[in-house]
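# Structure at a glance
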Amino acid sequence: MKDKSNSSKIFNARTIGSFFLLAFLAYGFGRHLFESTINAEKYLGALLIIANSATVLFIGILFRKTLNQYNALVGNIYLYTRVFEALALASIVLTLFLKVNISDDLGYFLGMLVLGFGSIPMCLTLHKHKIAPTWLAIWGAVGYAIFSFGFLMELLGKEWSMYLLGPGGLWEITFAIWLIIKNGKDE
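No experiment lies behind these values; they were computed from the predicted model shown.

To continue, consider the overall build of the protein chain. Across its full length, the protein chain holds 8 helices and 0 strands. For the protein chain, the α and β elements follow one another from N to C terminus as α-α-α-α-α-α-α-α. Expressed as a percentage of the 187 residues in the protein chain, the buried residues total 47%. The long-range fraction of contacts in the protein chain, counting pairs at least 24 apart against all pairs at least 6 apart in sequence, stands at 70%. Counting only carbon and sulfur atoms, one obtains 68% of the accessible surface of the protein chain, whose full area is about 9,500 Å².

And the structure:
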């Protein structure tokens, strides 16, 4: 393990920050278009959902390099969290291509639940090693815990996620902007 006192640099910070924002846009517009009754819009939506999956996968791959400097287990947890999220969200398009009869929301709920739980150790590592400001790291850990609880309730039949995704979702946007502006020490 490297000396932790030499740097709190996040490798590829601007790229990771940009990917966080791109994922929001790709999934948001993609899901909206995917629910259209017009086939061209539905296929464009599917393409954007797949693009989102690729984007979140790359977030995990790129961010793992930084996390592994401080805790390899956390780096791996975060990577596998993003792999699961990518696959779960991409599974939504199965209803279009394979004509399977599953809920469009199941992949989303599972992906978000795992994302929330798997991101808490990442945020705690950001705090412990002072990689990010304390307020931002703690907000992320608490936000993802609340976020996860909302999606767990969805899987149990309670429609709570919409009310509880705000803190985690807003954290991702804030963290992305922070990566781009404050910690953009790329290349």
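The next thing to look at is helix α8 (residues 166-181). Between the first and last C-alpha of α8 there are 22 Å, a value that for 16 residues agrees with the 22 Å anticipated at 1.5 Å per step. Within the span of α8, buried status applies to Gly168, Gly169, Trp171, Glu172, Phe175, Ala176, Trp178 and Leu179.

On to the environment of isoleucine 177. Mapped onto the fold, isoleucine 177 is located in helix α8. Looking at isoleucine 177, the relative accessible area reads 41%, which means it is partly exposed. Measuring from C-alpha to C-alpha, the distance between isoleucine 177 and arginine 14 comes to 8.7 Å, with 163 residues separating the pair along the chain.

The biggest cluster of nonpolar side chains holds 41 residues, and the ones touching the most others in it are Ile10, Phe20, Phe63, Met122, Leu126, Tyr144 and Phe175. Elements with a contribution of two residues or more to this core: α1 (13-34), α2 (39-70), α3 (72-90), α5 (104-128), α6 (134-155) and α8. Element by element, the count of residues in this core is highest for α5, at 9 residues. When residues no more than four places from it in sequence are discounted, the contact partners of phenylalanine 175 are Ile10, Phe20, Phe63, Leu126 and Leu136.

The next subject is the confidence of the model for the protein chain. For the protein chain, mean pLDDT is 90; residues scoring 70 or higher make up 90% of the total. Highest mean pLDDT in the protein chain belongs to α3 (97); lowest belongs to helix α4 (residues 94-97) (76). Low pLDDT, under 50, characterises residues 1-7; the predicted model gives this stretch 7 contacts beyond four residues in sequence or across chains.

The next subject is the pattern of salt bridges. Tallied over the full model, the rule gives 4 salt bridges. When the shortest N-O distance is used, the salt bridge between glutamate 35 and arginine 31 registers 2.8 Å. Residue classification places arginine 31 among the buried residues on the basis of a relative accessible area of 10%. Glutamate 85 is the partner of arginine 82 in a salt bridge, and the nearest nitrogen-oxygen pair spans 2.8 Å. Remark: glutamate 85 and arginine 82 occur in helix α3; sequence separation between them is 3 residues, near one turn of the helix. Glutamate 85 carries the same exposure label as arginine 82, and that label is buried. One salt-bridge network, held together by shared partners, links Arg31, Glu35 and Asp105.

Turning next to the environment of tyrosine 27. Here tyrosine 27 is to be found in helix α1. Each C-alpha atom of the pair tyrosine 27 and alanine 51 lies 8.1 Å from the other, and the pair is 24 residues apart in sequence. In contact with tyrosine 27, other than residues within four places in its own chain, are Ile49, Asn52, Leu89, Ile92 and Tyr108. There is a polar contact of 2.7 Å between the side chain of tyrosine 27 and the side chain of arginine 31.

Turning our attention to the side chain of serine 119. Considering the arrangement of structural elements, one finds serine 119 in helix α5. Leaving out residues up to four positions away in the same chain, serine 119 has contacts with Tyr78 and Tyr144.

Time to look at the packing of α6 against α8. Close contact between α6 and α8 brings their axes to 8 Å; oriented N to C, the two are set at 150°. Here α6 lies roughly antiparallel to α8, going by the angle between them. Both α6 and α8 take part in a crossing whose hand is left-handed. Contact with α6, carried on its side by Trp135, Leu136, Trp139, Gly140, Gly143, Tyr144, Ile146 and Phe147, involves Pro167, Gly168, Leu170, Trp171, Glu172, Thr174, Phe175 and Trp178 of α8 and no other residues of that element. For the contact of α6 with α8, the class distribution of residues is 11 nonpolar, 4 polar and 1 charged.

Reading the values: rules and limits
- Residues numbered from 1 in each chain as written.
- Predicted model: local features only at pLDDT ≥ 70, side-chain atom pairs only at ≥ 80, totals over all residues.
- Heavy atoms only, no water.
- Helix = DSSP H or I, 4+ residues; strand = E, 2+ residues; numbered from the N terminus.
- Buried < 20%, exposed > 50% of the residue type's maximum accessible area, 1.4 Å probe, protein only.
- Contact = heavy atoms within 4.5 Å.
- Areas by Shrake-Rupley, 256 points an atom, 1.4 Å probe, with all protein chains shown as cover.
- Expected span 1.5 Å × (residues − 1).
- Core = buried A, V, L, I, M, F, W, Y, C linked by side-chain atoms within 4.5 Å.
- pLDDT = per-residue confidence, 0-100.
- Salt bridge = Lys/Arg side-chain N within 4 Å of Asp/Glu carboxyl O.
- Polar contact = N/O pair within 3.5 Å; in protein donor to acceptor, adjacent residues only side chain to side chain.
- Axes fitted to C-alpha atoms, helices over the stretch in contact; angles between N-to-C directions.
- Parallel < 35°, antiparallel > 145°, perpendicular 65-115°, else oblique.
- Left-handed = near helix turned anticlockwise from the far one by under 90°.
- Nonpolar A, V, L, I, M, F, W, Y, C, P; charged D, E, K, R; others polar.

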